[in-house]
Amino acid sequence: RSAVYSDDLAYYLGKQPLSFVSPKSKELIKLNHLGSNICRLQANSLVERLRIIGLTLNEKTNDGLYRDWLAAGMDQGLATLLREAAAFRRGYAIVWDSSGKQRPRVTIESSRTMAVRRDPETREILEGVKVWRDGNDTHVVLYGADAIYRFKSTDETGVSGLKQVGETSNPLGTPPVAEVLNADLASGYGVCEFQDTKPLVDA
């Protein structure tokens, strides 16, 4: 999906290629780029209207859960998560306590670096994966239901030579990954909120 996400990002940043202009017209208007940035406005105006005002557990309001939500910084993180979903079809959050002190952290992750595998029947997340580059090194974390595995590759292409460098037990029994999917159909592929606006921006 990298190519699709790159296209979405270009429109979100207002840096998409200028639609075709004849060489003669281009010379006359002396314009190589036009960024109206309506796409970002469209995504952000939607996200700005969404708020979490309470959390429930077993269908009852739970103030303690809401305090945990605030302590994890999700009053700010939610907007980033929803913006990712609006612009790139899906956004991810990882919830994990690496300190062992029952102080879980929530990190918002980009769909450009994460993916999940779901059970085709129940749609439950079976595994999650996060990939990022650091110089010539490629890092991969596989979030499973029972364990979290870390891999690293020093291959410059980043597509081979992955070696396992760590393993952490996961007592949760489920991958600590949540996906927010911006879908209007049951297919589950997700939609870019400004997909229909791209041709208008081009025009």
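A brief look at the structure comes next. (Residues numbered from 1 in each chain as written. Predicted model: local features only at pLDDT ≥ 70, side-chain atom pairs only at ≥ 80, totals over all residues. Heavy atoms only, no water.)

Helix and strand content of the protein: 6 helices and 10 strands. The principal-axis extent of the C-alpha atoms belonging to the protein is close to 65 × 45 × 35 Å. Considering the protein as a whole, with its 203 residues, one finds that 29% of them fall into the buried category. Roughly 13300 Å² of accessible area belongs to the protein as shown, and the carbon and sulfur atoms make up 52% of that amount. Within the protein, one finds 26 positive and 26 negative side-chain charges whose respective centroids are separated by 6 Å. (Helix = DSSP H or I, 4+ residues; strand = E, 2+ residues; numbered from the N terminus. Buried < 20%, exposed > 50% of the residue type's maximum accessible area, 1.4 Å probe, protein only. Areas by Shrake-Rupley, 256 points an atom, 1.4 Å probe, with all protein chains shown as cover. Lys, Arg positive; Asp, Glu negative; His and termini not counted. Charge placed at Lys NZ, Arg CZ, Asp CG, Glu CD.)

A word on helix 5 (residues 74-88). Between its first and last C-alpha atoms helix 5 spans 20 Å; for 15 residues at 1.5 Å apiece the expected length is 21 Å, and the two agree. Within the span of helix 5, buried status applies to Met 74, Gly 77, Leu 78, Leu 81, Leu 82, Glu 84, Ala 85, Ala 86, Ala 87 and Phe 88. Taken together, the buried residues of helix 5 touch helix 1 (2-13), helix 3 (38-47), helix 4 (63-71), strand 3 (90-96), strand 4 (105-109) and strand 10 (177-181). Directly beyond the C-terminal end of helix 5, a positive phi value near 80° is found at Arg 89. (Expected span 1.5 Å × (residues − 1). Contact = heavy atoms within 4.5 Å.)

A few words now on the sheet that holds strand 4. An order of 4-3-10 is seen for the 3 strands of this open sheet, with the pairing classed as antiparallel. Where the open sheet ends on each side, the last strands, each with one partner, are strand 4 and strand 10. This sheet shows a mean twist of 20° between the axes of neighbouring strands, independent of strand direction. Taken together, the 5 bridges between strand 3 and strand 4 define a ladder with antiparallel strand orientation. Within strand 4, the residue paired with Val 95 across the bridge is Val 106. Packing of helix 5 onto the sheet brings it into contact with strand 3, strand 4 and strand 10, and relative to strand 3 it is tilted by some 145°. (Pairing = 2+ DSSP bridges. Axes fitted to C-alpha atoms, helices over the stretch in contact; angles between N-to-C directions.)

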